[in-house]
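One-letter residues, chain by chain:
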Amino acid sequence: MSIFDIMGPIMIGPSSSHTAGAARIGRIARRLLGCRPERAEILLHGSFAATGTGHGTDKALVAGLLDMMPDDPRLPQAFTMAREAGMEVELGKVNLQEAHPNTALLRLTAPDGHKLEVRGASLGGGRVRIDAIDGLAAAFSGDLPTLIIRNEDRPGQVAEVAGALSRRNVNIATMQLYRDMRGGLAVMVIESDQPIDPVAVKELQALDGIVRVTYLDMTEE
């Protein structure tokens with residue numbers, strides 16, 4: 001147990017779950033999109049939906065999409081800042097099956113038109129878990145450098161990715177594998193002990209059978 005589990009994170013209140021965690025979910029989603037979204041549909045589930053507005057969950061998620069830290073004093077002005085930045089925000093509620101009570105579903109559109117859907121849960125104390133990306137299962141916190149690799153589900157694909165990372169002296173901390181169906185689309189979520197060089201990310205993207213590689217490093221701050 002760390003001191004943050006006892007005292008909670010440095011943040012703009014009132015709630016580590018509803019505010020700090022929500023801001024972190026928003027920031028991770030922005031990083032996965034690769035830019036500030038032009039449009040954001042934010043759907044709240046469970047406790048987020050029931051009490052999120054009073055706890056500032058909606059503002060915190062928007063602040064995260066604007067790349068604000070949970071302790072940024074501008075967080076209460078997030079909606080105003082989003083309008084000034086030209087970011088359209090639509091709020092709503094959603095009932096998700098088997099989801100954590102503090103869950104948000106973010107549907108984002110970038111200025112160039114590409115879209116991303118991220119589902120994240122706030123676990124308490126500012127800790128979060130990203131549960132799905134574009135409808136495909138995932139489970140990572142963003143605490144370590146993370147690769148999200150979408151690939152064809154076929155023999156040898158995992159070995160090729162692991163081999164490419166080994167050649168770059170990247171030590172894999174955790175690896176999770178998901179697929180929608182046998183022979184369909186699969187997802188690897190790989191957390192590493194050290195940052196991954198952009199050249200290594202490009203090498204992974206060039207491997208046969210790889211559909212998309214997304215790299216997330218929240219440790220660089």
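Only a predicted model underlies this, so the values are computations on that prediction, with no experimental measurement involved.

Moving on, we come to the sheet that holds strand S7 (residues 146-152). Working definition: the strands of a sheet are paired by backbone hydrogen bonds and lie parallel or antiparallel to each other. If you trace the 4 strands from one edge of the open sheet to the other, you get S8-S9-S7-S10, paired in antiparallel fashion. The sheet is open, and its two edges are formed by strand S8 (172-179) and strand S10 (210-216), each paired on a single side. For this sheet the average axis-to-axis angle between neighbouring strands, irrespective of direction, equals 15 degrees. Pairing of S7 with strand S9 (residues 185-192), which is carried by 7 bridges, proceeds in the antiparallel orientation. Within S9, the residue paired with isoleucine 148 across the bridge is valine 189. Together, S7, S8, S9 and S10 form the strand contacts of helix H6 (residues 157-167), whose direction differs from that of S9 by roughly 30 degrees. With respect to the sheet, helix H7 (residues 198-206) is in contact with S7 and S10, its orientation differing from that of S10 by roughly 160 degrees.

Let us now look at unusual backbone geometry. A positive phi angle is found at glutamate 98, which is not glycine, with a value near 55 degrees. Inspection of the secondary structure assignment puts glutamate 98 in the loop between strand S2 (88-93) and strand S3 (102-109). Its relative accessible area of 82% is what places glutamate 98 among the exposed residues. One non-glycine residue, aspartate 134, adopts positive backbone phi at about 50 degrees. Structurally, aspartate 134 is set in the loop between strand S5 (127-133) and strand S6 (136-140).

Within the largest apolar cluster, 40 residues are counted, with the highest numbers of intra-cluster contacts made by Ile28, Leu32, Leu61, Leu65, Leu106 and Phe140. The element contributing the most residues to this core is helix H2 (residues 16-33), with 7 residues. The contact partners of phenylalanine 140, leaving out residues within four places of it in the chain, are Ile28, Leu32, Val128, Arg129, Ile130, Ile133, Thr146, Ile148, Val189, Glu191 and Leu216. Counting 15 residues, the second largest nonpolar core, distinct from the first, contains Met188, Ala200, Leu207 and Ile210.

Glancing now at H7. For H7, the full list of buried residues reads Ala200, Val201 and Leu204. Within H7, the buried residues cover an arc of 100 degrees as seen down the axis, which keeps them to one side. Exposed and oriented more than 90 degrees from the buried face of H7 are Pro198, Lys202 and Ala206. Taken together, the buried residues of H7 touch S7, H6 and S10. Where H7 begins, the side chain of aspartate 197 points an oxygen toward the backbone nitrogen of valine 199, at a separation of 2.7 Å.

Criteria and thresholds
- Residues numbered from 1 in each chain as written.
- Predicted model: local features only at pLDDT ≥ 70, side-chain atom pairs only at ≥ 80, totals over all residues.
- Heavy atoms only, no water.
- Pairing = 2+ DSSP bridges.
- Helix = DSSP H or I, 4+ residues; strand = E, 2+ residues; numbered from the N terminus.
- Axes fitted to C-alpha atoms, helices over the stretch in contact; angles between N-to-C directions.
- Contact = heavy atoms within 4.5 Å.
- Buried < 20%, exposed > 50% of the residue type's maximum accessible area, 1.4 Å probe, protein only.
- Core = buried A, V, L, I, M, F, W, Y, C linked by side-chain atoms within 4.5 Å.
- Arc of directions from axis to C-beta.
- Polar contact = N/O pair within 3.5 Å; in protein donor to acceptor, adjacent residues only side chain to side chain.

Purely geometric numbers; function is a separate question.
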